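Chain residues, written in single-letter form:
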Amino acid sequence: MDELLPFLVAWRVLRLGTREVVEAQVAEPFRGANRDLAAALTGWRGGWYWADRARSRLILIRAVPGARGPRWLLHGVLFALTIVCSLGAGAALAGVWFPYNAPGLSGLLASAGQFFVGMVQGDWRLFLDGWTFALPLLGILLIHESGHYLAARRYHIDTTPPFFIPIPPTLSPIGSLGAFIRLRSPVLDRRQLLDVGAAGPLAGFVVAVAVLVWGYHTSQVSLAAPAATWVSFAGEPIGLGDSLLTHWLRQWAFPHAGSVHLSLPAFAGWVGAFVTGLNLLPLSQLDGGHVLYGLLGRKQRWVAGAAVLALLVLAQQSWNWYVWVAMAFLIGGGRWSHPSVVVPEWRVPASRRWVGLVCVVVFVLTFVPVPFAH
């Protein structure tokens, strides 16, 4: 900090959990020609960025002593279990392994236990046939969460690596409930929130599109099916709804087909795109809530309220929306509005607003109004 003091006229220091933030006013707007200030910033042990277009207000961030490191063993175990569960789901989708199923809640728990017992007893050999589903799906989820993680690290926010959530394929046809990172220090301003919230879905979207293109090339036309797009899980057909993205790609790959049986990578891409659309809903602390609060500030709550009403209307066509609205409320602590950042009055610079607009476009492309066909 001492080497920067000659260039500053005023500053204040904020302690945000395990991070120290300095908001500083420079003596003269930085134009890039002040080599001494540029050298001093290069030597700063932390992150920094300009909070205004004129480059007169400087934000400096650094860790304070005693910050806790990541628990890599826990992250690794959860990821390994998610790999196993997703491979099992892929094997069931491929029709080479059939889950143990029993009625009732106790039966569901017993079936989940049988999945892991069967894996130890040799079912893992069958699970290997599910790699063309598990690998692309986990790749999309990993890239999504890595986008959040790297953006948070860019602003030196204290964050954990991704926590993957495994679930046995006896309970879910994809073997995972997704993944998340946890921010252990508060978000300073709306620019940070926008960039961290947008980085995940934008990165995951790019991979999901690539997986869908691969997947549709390996899918097959079907003459009799429950929906225009469908998969088979353990011998049972599941009809899938379309987003604009999947509809256009299906029309591109199969322009005259009435129905398409998705291959394993195509279903992985469908799930990845679907999860991207879910995350971009403008609710509470979903990615879309982060992005919209970054763009609009407290006005986000009005858009979120309208989104809840729209989802309740869609729930008349697909009951799943009741579940997902409830989950969004649970994640947001019972509210659809986004909590405030530390300094909400700092607006997102005009140069960063395009990030939020791209997220809106991605949401429109990936949102599935009726996820599962009857």
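These numbers come from a predicted model, not from an experiment.

This paragraph deals with a nonpolar patch on the surface. On the surface, Leu309, Leu312, Trp319, Tyr322, Val323 and Met327 cluster together into a nonpolar patch covering about 610 Å² of accessible area. The set of elements that each furnish at least two residues to the nonpolar patch consists of α9 (300-314) and α10 (320-331). The biggest single contributor to the nonpolar patch is α10, with three residues. Taking the relative accessible area as the measure of exposure, Leu312 reaches 35% and is therefore partly exposed.

Now for the confidence of the model for the chain. The pLDDT averaged across the chain works out to 89; a share of 97% of its residues lies at or above 70. For the chain, the element scoring lowest by mean pLDDT is helix α1 (residues 35-42), at 81; helix α7 (residues 264-279) scores highest, at 97.

Time to look at the sheet that holds strand β11 (residues 372-373). The strand order across the open sheet built from five strands is β7-β10-β8-β9-β11, with neighbouring strands paired in mixed fashion. Every other strand in the sheet has two partners, leaving β7 (220-221) and β11 as the edge strands with one partner each. Summarising the sheet, strand β8 (residues 229-233) and strand β9 (residues 236-240) pair through five bridges and their orientation is antiparallel. Residue pairing across strands places Thr229 opposite Leu240, the latter belonging to β9.

With that settled, the discussion passes to the pattern of salt bridges. One side chain can pair with another of opposite charge once the charged atoms of both are near each other. Inspection of the entire model under this criterion finds six salt bridges. Note that Arg62 and Glu20 form a salt bridge whose closest N and O atoms lie 2.9 Å from each other. Highlighted residues: Arg62 in strand β4 (residues 57-63) and Glu20 in strand β2 (residues 19-26), separated in sequence by 42 residues. The residue Arg352 makes a salt bridge to Asp195 at a minimum N-O spacing of 3.1 Å. Pair noted here: Arg352 is in the loop between α10 and α11 (353-366) and Asp195 is in helix α5 (residues 190-217), with a separation of 157 residues, a long-range link. Through salt bridges that share partners, Arg12, Glu23 and Arg57 make up one connected network.

Parameters at a glance
Residues numbered from 1 in each chain as written. Predicted model: local features only at pLDDT ≥ 70, side-chain atom pairs only at ≥ 80, totals over all residues. Heavy atoms only, no water. Patch = residues over 30% accessible without salt bridge, like charges linked within 9 Å, V, L, I, M, F, W, Y side chains within 5 Å. Areas by Shrake-Rupley, 256 points an atom, 1.4 Å probe, with all protein chains shown as cover. Salt bridge = Lys/Arg side-chain N within 4 Å of Asp/Glu carboxyl O. Helix = DSSP H or I, 4+ residues; strand = E, 2+ residues; numbered from the N terminus. Buried < 20%, exposed > 50% of the residue type's maximum accessible area, 1.4 Å probe, protein only. pLDDT = per-residue confidence, 0-100. Pairing = 2+ DSSP bridges.

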